[in-house]
Amino acid sequence: MSAAAAMSDDLDVFRAEVRDWLQKTFPPSLKGRASMMLPDAGRPTDPDFLRWKKAMGEKGWGTPTWPKQYGGGGLSREQARVLAQEMNKIGAWSPIGGMGVMMFGPTLLEYGNEEQKSRHVPGIVTGEVWWCQGYSEPGAGSDLASLRTQCVDKGDHYLVNGQKIWTSGAQYADWCFCLVRTDNTKKHEGISFLLIDMKSPGIEVRPIKLISGNSPFCETFFTDVKVPKENLMGPLNGGWTIGKRLLQFERQGLGSGTGGPMRGGESRSLDQVAKEYVGTDDKGRIADTDLRARVASHMMDMRAFMLTIQRAMGEAKGNQGPSATTSIMKNAGSRIGQERSELLVEIMGHQGLGWEGEGFTKDEINTVRAWLGGKATTIYGGSAEIQNNIIAKRILGLLDHQ
Amino acid sequence: MAVLNEEQSMIRDGAKSWVQERSPVTAFRKLRDGGSNEGFDRKVWAEMAEMGWSGILIPEEFGGTGLGYLTLGLVLEETGRTLTASPLISTALTATTALLLGGTAEQKKTWLPKIAEGKAIGTLAVDEGVHHAPEKIALKAEKRGAGYVLNGKKSFVLDGGAADFFIVAARTSGTPGDKDGITLFLVDTKANGLSRQTVKSIDNRGVANLTFANVEVGGDAVLGPVGGGFAILEATLDRARAGLAAEMLGQAVQSFETTLDYLKTRVQFGQPIGTFQALQHRAARMFTDLELARSCVEAALQAIDRGADDVAQLASLAKAKAGDAVHLMSNEMVQMHGGIGMTDAHDAGLYLKRARVQEATFGNQSYHRDRYATLLGY
Ligand SMILES: Cc1cc2nc3c(=O)[nH]c(=O)nc-3n(C[C@H](O)[C@H](O)[C@H](O)COP(=O)(O)OP(=O)(O)OC[C@H]3O[C@@H](n4cnc5c(N)ncnc54)[C@H](O)[C@@H]3O)c2cc1C
């Protein structure tokens, strides 16, 4: 037997194990309810969810490829793919998510020291510890490196003063990974990457209401917050490189995961929804021909996007970490997702204009809220414009005009 | 901007300063947060009537000024800018038009003076499904004695909760899809068997779904010819579309101007974000689209005032182009404001939500592109 054949045999054995375990463990009541994981939802308390989370956390399967020594799944990429496929088949989804899994964990594994990794990775793997991202400030959004939150060395600790804004989930988070200024004389080289316990005295969190009616993010104020020195990740004034690396993971995650094209509300494919709300002609085609053409165009974009994910996954085999494709995935995914939402609202007609209350179904209201909330996908994690700048400059080699 | 006569300029300028003083966006926000059921403030509506806006289309003999559609459009453009919620569209524009085009002498005498005074709210009840489809009327009106009995449903009726009367498109013969067999009825909202459910829409206006269960009306409730109501309905809708397009235009212009201001003031990378060509070109494109949309809106309103024979195609053109414009401006308003544009405390979201309702009302862009092609024979 060849090595490749032996491997595929092993994978088949693994697949059978996974299927069996999922069958026994995934609560059917959670099927199709992955939106519980959206940042706006807060911390789910559903007992089925908690049981499922515990089981997945113990296996490390919410972070399947992370090293076993910190509680990760320790799976190969192929095994992780099998796990994802089997979960998909039965409508199971990972109960372990958030910024810890999507962006902070992978960065920590690359840049954290041994002590930081053993201390912080296990909590992310089990989903017990929630992280938030303290990057943006009122004056530092796209121009993140202009951030001003001060971090001063006080000998045995750091002292942090300043304000962050748009901190998603800060009201639920246990910890915050933060970019702070440790040198006022340099821009990028004066930034450090700091881990801050959200229970520290001097932190105040004020939720901000979004146009969708939810309050998934906050203003976060730091007043004389003491941070132990061991919470500096990477070198002093060397935070920008780490911070940017994390953004790559964020963009990769946003392009594909919950921030991608399917984002809450109506979960059926667009053509089905259109047939229901708009009706069909005698040949079974969507009755509105103008809409039909646009639905088809969208379905093609969606297909192209999925094919690109598959292709990128194939190409990434053996190759570690996010590649240049990440930057197109974020823009493609968010644009296609927003188009889907716009089309859904249009297709639902009057029923797609409801805010709350009687007269609308839950799916209709959720679709409207997801349409509004989804507008953020081209703003956060590096706006669409900033992504395009990156593509133009770094990938296409186009320079700024002088 | 269309060339205006002195009276029109005066009204436009008056409207401009009135909305700034009396009805800025903060007023709409207060209305929304106060949980008003009707979707507008009756005191504000009384003020608008006082200024004569409720009677702009109504001839002097019925207590209005009869200044016409362009003039009303100028006011709507200004109220659109600040998201002013009022029955201008439902009552002063749409119901008034239906009365003018099809009302009996008695109906006009009863309702027009009250509308002009701001004492009556009327609205057109046309759609029954989730999409605008005026020929698909199914609500049944059966002859009984000298009158009729109405049975069926109407959806998303503007100011349907506050209205004193509905102009109801009903079917007296034929089947849904036939243009023949549609008859308009003027129905008092207190009629027995008529129930209304107000729904909470994203733009916080007072829309309602109606149910007619054996609602009896007299023969004098008929507005226009029996079975031949479609022509009046279409003409009414075209005037409503053109007026609504004017409101959409104003709203789009304001979205644009607010965004333009932000491009000039928000600094990132040590310079105003408006210095980035990626945004400059989009702003230039937005400005271009607004100018194009304005031409269509004004042409439609002027054609109505002139009694031209191409009102239908111009109304569809105006509604579609204003729809595209308000769609683009409202999305760009959010995007170009970045995080702040996503917050409820900023106005961008209010403009975005109102825009989608306007787009869907009386036919969306898709509907009007199709209609335009049909009217022009391709
Ligand atoms: C829902 C949501 C959740 C968020 N969560 C977090 C979080 O958890 N943690 C965190 O730190 N931040 C978070 N953010 C903040 C987000 O990262 C910023 O909003 C984003 O970086 C944009 O910054 P800004 O809002 O200041 O917009 P600005 O940077 O002021 O941008 C305004 C507009 O100008 C454009 N622009 C700016 N520079 C250029 C340029 N050079 N060329 C062309 N166009 C340009 C932008 O694309 C945008 O359209 C969140 C934002 C949202 C909306």
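Definitions and cut-offs
- Residues numbered from 1 in each chain as written.
- Chains lettered and ligands numbered in written order.
- Predicted model: local features only at pLDDT ≥ 70, side-chain atom pairs only at ≥ 80, totals over all residues.
- Heavy atoms only, no water.
- Core = buried A, V, L, I, M, F, W, Y, C linked by side-chain atoms within 4.5 Å.
- Buried < 20%, exposed > 50% of the residue type's maximum accessible area, 1.4 Å probe, protein only.
- Helix = DSSP H or I, 4+ residues; strand = E, 2+ residues; numbered from the N terminus.
- Contact = heavy atoms within 4.5 Å.
- Phe/Tyr/Trp six-rings, centres within 6.5 Å; stacked < 30°, edge-to-face > 60°.
- Lys NZ or Arg CZ within 6 Å of the ring centre and 35° of its normal.
- Buried area = accessible area lost by both parts, 1.4 Å probe.
- Salt bridge = Lys/Arg side-chain N within 4 Å of Asp/Glu carboxyl O.
- Polar contact = N/O pair within 3.5 Å; in protein donor to acceptor, adjacent residues only side chain to side chain.
- Axes fitted to C-alpha atoms, helices over the stretch in contact; angles between N-to-C directions.
- Parallel < 35°, antiparallel > 145°, perpendicular 65-115°, else oblique.
- Left-handed = near helix turned anticlockwise from the far one by under 90°.

1. So, the nonpolar core
Next, step 1: B:Leu150, B:Ile167, B:Phe185 and B:Val187 are the most contacted members of the largest nonpolar core, which totals 137 residues.
Next, step 2: For this core, the element with the most residues is helix H7 (residues 230-265) of chain B, which contributes 15 residues.
Next, step 3: With sequence-adjacent residues up to four places away left out, B:Phe185 is seen in contact with B:Ala141, B:Tyr148, B:Leu150, B:Phe166, B:Ile167, B:Val168, B:Ala170, B:Thr172, B:Val217, B:Ala221, B:Val222 and B:Leu223.
Next, step 4: With 48 residues, the next largest nonpolar core counts A:Val18, A:Ala55, A:Met87 and A:Ile124 among its residues.

2. A few points about the packing of aromatic side chains
All names here are of chain A.
Next, step 1: As enumerated under the stated definition, the model contains 19 aromatic pairs over all chains in all.
Next, step 2: Counting every residue linked through ring pairs, the aromatic cluster contains Phe 104, Trp 131, Tyr 135, Trp 175, Phe 177 and Phe 193.
Next, step 3: Directly above the ring of Trp 61 sits Lys 59, whose terminal nitrogen or CZ lies 4.7 Å from the centroid.
Next, step 4: A cation over a ring is seen here: Arg 369 above Trp 355, with NZ or CZ 3.7 Å from the ring centre.

3. Regarding the interface of chain B and chain A
Next, step 1: Taken together, the 38 residues of chain B in the interface contact 45 residues of chain A.
Next, step 2: Roughly 3,400 Å² of surface becomes buried between chain B and chain A when both sides are summed, with 59% attributable to carbon and sulfur atoms.
Next, step 3: Linking chain B to chain A there are 3 salt bridges.
Next, step 4: Residue A:Glu342 pairs with B:Arg356 through a salt bridge whose shortest N-O separation is 2.9 Å.
Next, step 5: Linking chain B with chain A are 23 residue pairs in polar contact (both at pLDDT 80 or more), by the criterion used here.
Next, step 6: Looking at the side of chain B that touches chain A, the elements with two or more residues in it are strand S3 (147-157), strand S6 (194-201), helix H8 (277-306), helix H9 (311-337), helix H10 (348-360) and helix H11 (365-375) of chain B.

4. Quick look at the side chain of B:Thr84
Residues and elements named next belong to chain B.
Next, step 1: Note that Thr 84 resides in the loop between helix H4 (69-81) and helix H5 (88-102).
Next, step 2: For Thr 84, a relative accessible area of 4% gives the class buried.
Next, step 3: There is a polar contact of 2.8 Å between the side chain of Thr 84 and the side chain of Ser 23.
Next, step 4: If we skip the residues at most four places from it in the chain, Thr 84 touches Trp 18, Val 19, Ser 23, Met 48, Thr 79, Arg 205 and Glu 247.

5. Concerning the environment of A:Glu204
All names here are of chain A.
Next, step 1: Along the chain, Glu 204 falls in strand S6 (residues 203-208).
Next, step 2: The exposure class of Glu 204 is partly exposed, given its relative accessible area of 38%.
Next, step 3: Distance in space between the C-alpha atoms of Glu 204 and Cys 218 is 9.6 Å, their sequence separation being 14 residues.
Next, step 4: With residues near it in sequence (within four places) discarded, Glu 204 still touches Glu 219, Thr 220 and Phe 221.

6. With respect to unusual backbone geometry
Residues and elements named next belong to chain B.
Next, step 1: Of note, Asn 204 is a non-glycine position whose phi angle comes to about 60°, a positive value.
Next, step 2: Residue position: Asn 204 is located in the loop between S6 and strand S7 (206-217).
Next, step 3: The phi dihedral of Phe 269 is positive, around 55°, even though this residue is not glycine.
Next, step 4: For Phe 269, the location among the structural elements is in the loop between strand S9 (267-268) and strand S10 (271-272).
Next, step 5: Residue Phe 269 is classed as partly exposed on the basis of its relative accessible area of 36%.

7. Focus on the packing of H7(B) against H9(B)
Residue and element names in this part refer to chain B.
Next, step 1: Where H7 meets H9, the closest approach of the two axes is 8 Å, and the angle between their N-to-C directions is 25°. Regarding the angle of H7 to H9, the classification is roughly parallel. Helix-helix and strand crossings are classified by hand; for H7 and H9 the assignment is left-handed.

Note that every value here comes from positions in space, so none of it alone points to a role or purpose.
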